[in-house]
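Tertiary structure, described
What follows is the residue order along each chain.
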Amino acid sequence: VERATRTELDQPLTDRYVALPVLGSGAGGSLDASTVPRPTVDEGRVTDRPEVHPYGLGSEQCAPRFLRMTLNAAPSSTQILQKSGLPFGAVLQPFAAVRLPGETAVPVVQFGGGGVVRCRRCRTYINPFVEWADGGRRWKCNLCYLANEVPSEYYCALDEYGRRRDAAERPELSCGTVEFVASADYMVRPPQPPVYVFLIDVSYHAVSTGMVATVANTIRKTLDELPGDVRTQVSVLCYDSAVHFFYLAAHLSQPQMITVADIGDIFLPLPDDLLVNLHESRALLDNLLERLPQMFADSQNLDSALGPALKAAFQLMQHVGGKLALFASALPSLGEAKLRNREDSRAQAGRTQTAAKGSTGVPSSHAPNLLVPEEGFYKKLAVECSRQQICVDVWLFGAGFTDAITLGQLAKHTGGSVRHMAGFSAPRDGAALEAELRHNLTREQGWEAVMRVRCSQGVKISSFHGHFFVRGTDLLALPNVDADKAFTITLSLEENALTSPTVTLQAATLYTSSCGERRIRVNTVAIPVMSTISDLFKHADVEACATVIAKLAAEKALAGRLPEARELLQNKALEMMQGFRAVCPPDAKHSNAVLLPESLKLLPLYTLGAMKQAAFRPDNDVRVDERAAALMHLECVSVHGIISTANPRMMPLLVELKPPLGVAGPSGFVNLPPLLPLLSERTLANPQGVFLLEDGRQLLMWIGRSAPPAFLVDVFGRPSLDGEDPNSLTIAPATHSVAAATVHNVLNALRSERPGQLSSLRIVRQGSPEELLVMRCMVEDRSVQMMAYDEFLLHCHRSVMAKVA
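Before going into details, it helps to say that this report is about the structure given with it. The model shown is predicted, which means the values in this text are computed figures rather than measured ones.

Details of the sheet that holds strand S22 (residues 487–493)
As summarised here, the arrangement of the four strands in space is S2-S4-S22-S19, forming an open sheet in which the pairing is antiparallel. Because the sheet does not close on itself, it has two edges, and the strands there are strand S2 (67–69) and strand S19 (459–465). This sheet shows a mean twist of 25° between the axes of neighbouring strands, independent of strand direction. As defined by bridge partners, S19 adjoins S22 across six bridges and the pair is classed as antiparallel. Along S22, the bridge assignment pairs lysine 460 with serine 492. The sheet contacts of helix H14 (residues 542–558) involve S2, strand S4 (89–92), S19 and S22, and relative to S22 the element is tilted by about 100°.

Structure follows, in structure tokens:
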């Protein structure tokens, strides 16, 4: 009996697994595609499931939206972690917004003159997991185990269980997520005011596509919503072959443009009057932004002096810091830091190689690696921006090559983001840009921030991943940190084994709020130490695991090793499947069945989905800028952003479009239609079908050629869509019909789960060129170079069996 319940490593066997029988034998074996694991509606929301938390999800644990562990149980030894193949790490999103039912706001604590209570050795902040001794006069740090004196003003007696009697009344002792009001000790200068500088490309393509008009109108409509108070400052700069400044002093009757054509030695023509107080110069800003599109409407200027324009913006902001939003439609072509069209160079190299060797047309290995930045200027400037507390967001709109990977260095090292909207057209993309830009500017954010992550003795941080600049060895500099930014850490054990019963992780972010208050947001989570591989799998978080692996792969790809990044994605899944099979019961382990842990049954699907996205897809139709922007997005996106990209949600709309659909159920979640497999033969092959699809970045409604006229009348108010411009189609008002109201409710529910990302609905007709957007989301399909989902599962199974043998 003992031999039958333990493995060669003297490990207990698991009793929780999914077995998928292989039909047939040998190379001709197959899986029943209808039985492979797929997410439920609730799993599609990427919620944090309570069953992986041995301590539960009580308030003393950090809310998962802020800090999410790959394993909610720490391995007791390095050997167990290695044998399992599981990643050990965490995803941090310190300013995550309330997104799902049951999530609450962060409590704020003011300690007063005594300052925040911290461990005097490791500087850990007081938290719910410390131990109390000596009648409440001492507390033992749960990270370094030092006994600390309790300040007299903070003393409280203990109850019969050794807990402070006031614990429930103190958020820092009862909540895993808390925000402390920082004292003057945490300031090196007065708190920074919110500063927004908009640097807008006004060359011909930027104007003719409607980008300038959309950006200017959105900024103008958003001015009243910008976070901050009477201290908020704003400036607008434009550039083409010259740099255009705008004098906006409050005493003027209208704004004045000053053009500096000497880009070889750029300077600020009015150093003190270009960055102005929003409230004092509000009328002038309105006037400027309203007139801006017309000011450059007749421009035929094709040049872009981006380097000098960036230096001008830096000079303008360096004394105070803030947020710089760059909007570019053309490759920098003039002045310092101009860039060449490397995409054309690589294509030419590929043609030369093909002609010389008669090859198959695959680009030459000697061609430049376009995922490696070319010009060092942008990284150097980004480092200087980080030192001066300047965050750069990069928005790219060009139809041609804009070298997103090089320009993206500005965002990567300053805590910013990169958004690529290739071939922007205002009629088609304007609503999406307006919604995303509005969200970008108005979401919760912290200024001049730094973040440090601390762990219990015996555990160490192996690496950090995301958009930041590292000061020293472990302090992340974040000139701006917003609600959507996520950071990833990987963990390892300092010694071969852990002796403590629990492991604690604490992430502290010191920042200035938009209202000018210095604060410290502290997230703390404690997990038990477990000595069995089966327990590690039981407490694995599949979404967090998939996220950490995708971010590791993205970093490898951005180092110029894209093939290795794809291999990493697949190999990590194989290692976990192999490690799990070793702890399965003998009858299951030796059977010809695909074995998956219950907690990680969706990992192969998420892995395959990631491999088929633009970031990693091997197809030649992925443009360099599209891939680079997708990889940089992966670096700093949240868990639900990763999963929704790897496994989009597709749901039918030819269902009963009436309550309870579209209405919140007992759990607080809105009832949604069932999720469909991402297989085109079961969805897009139906000319009478109508489906809703979202991948975290776009919201699509696919409509078959023969969609029922009754549905079209109920939802669009017309019996046919033939001859209609899809870009102008909108859902009928909610008052039109119960079906239209239900569709609006479903769309709003999806948007609330993906804040700022799904604002505009794009209609896609069957057979139209836009159908490619939907086809790329069919991650379960077989493609030219990639397997179907059931084939991938079988491939992983055979690889695991070969290694076991």
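As for the sheet that holds strand S7 (residues 138–140)
Strand order in the open sheet made by the three strands is S6-S7-S8, with antiparallel pairing throughout. The sheet is open, and its two borders are formed by strand S6 (131–133) and strand S8 (147–149), each paired with just one other strand. Here the strands of the sheet are splayed against their neighbours by 30° on average, with no regard to which way each runs. Both S6 and S7 contribute to a ladder of three bridges, which runs antiparallel. Looking at the pairing, glutamate 131 lines up with lysine 140 of S7.

Let's talk about helix H18 (residues 624–636)
For the α-helix, the turn length of 3.6 residues means that residues three or four positions removed from each other point alike. The terminal C-alpha atoms of H18 lie 19 Å apart, and with 13 residues this matches the ideal 18 Å at 1.5 Å per residue to within 8%. Burial analysis of H18 places 11 of its 13 residues in the buried class, which makes it a mostly covered element. Residues of H18 that are buried: Val624, Asp625, Arg627, Ala628, Ala629, Leu631, Met632, His633, Leu634, Glu635 and Cys636.

Details of unusual backbone geometry
The residue after proline 659, namely proline 660, is reached through a cis peptide bond having omega 15°. For proline 660, the location among the structural elements is in the loop between strand S26 (649–652) and strand S27 (690–694). Phi is positive for glutamine 389, which is not a glycine, with a value near 65°. Its location among the elements puts glutamine 389 in the loop between helix H9 (377–387) and strand S16 (390–396). A positive phi angle is found at glutamate 448, which is not glycine, with a value near 35°.

Details of the packing of aromatic side chains
Counted according to the given criterion, the structure contains 12 aromatic pairs. With a centroid separation of 6.5 Å and 80° between ring planes, the pair formed by phenylalanine 464 and phenylalanine 468 is classed as edge-to-face. One aromatic cluster is present, built from ring pairs that chain together Phe111, Tyr125, Tyr154 and Phe180. We note arginine 164 situated over the ring of tryptophan 132; from NZ or CZ to the ring centre the distance is 5.0 Å.

Re the pattern of salt bridges
Per the counting criterion, the structure on display carries 46 salt bridges. Here arginine 438 ties to glutamate 434 by a salt bridge, and the two come within 3.8 Å at their closest N and O atoms. Here the residue arginine 438 and the residue glutamate 434 both occupy positions in helix H12 (residues 426–442), the gap between them amounting to four residues, near one helical turn. One salt bridge in this structure joins arginine 443 and aspartate 484, with 2.7 Å as the shortest N-O distance. Of this pair, arginine 443 sits in the loop between H12 and strand S18 (445–455) while aspartate 484 sits in the loop between strand S21 (475–482) and S22, and the two are 41 residues apart along the sequence. A residue is classified by how much of its surface remains accessible, and arginine 443, at 10% relative accessible area, is buried.

About the thresholds
Each chain carries its own residue numbering, running from 1 in the written order of its sequence. Totals for whole chains, interfaces and linings use every residue, but because this is a predicted model, local features are given only for residues with pLDDT of at least 70 and side-chain atom pairs only at 80 or more, for both listing and counting. Note that water and hydrogens are dropped before the side-chain values are worked out from all heavy atoms of the structure. When DSSP finds two or more bridges between a pair of strands, those strands are recorded as paired. To qualify as a helix, a DSSP run of H or I must reach at least 4 residues; to qualify as a strand, a run of E must reach at least 2; elements of each kind are numbered from the N terminus. Structural elements are reduced to axes, namely lines fitted to C-alpha atoms, with helices fitted over the stretch in contact, and the angle between N-to-C directions of any two is expressed from 0 to 180 degrees. Contact between two residues is taken to exist if any of their heavy atoms lie within 4.5 Å; hydrogens are not considered. The span one expects for a helix is its residue count, reduced by one, times 1.5 Å. Note on exposure labels: buried denotes an accessible area under 20% of the residue type's maximum, exposed denotes more than 50%, and partly exposed covers the range between, all computed with a 1.4 Å probe on protein chains only. Paired rings are identified among Phe, Tyr and Trp, the last through its six-membered ring, by centres lying within 6.5 Å, and are further divided according to the angle between planes into stacked (under 30 degrees), edge-to-face (over 60) and tilted (the rest). In this scheme, the term charge over a ring applies when either NZ of a lysine or CZ of an arginine sits within 6 Å of the ring centre and within 35 degrees of the ring normal. When a carboxyl oxygen of Asp or Glu is within 4 Å of a side-chain nitrogen of Lys or Arg, the pair counts as a salt bridge.

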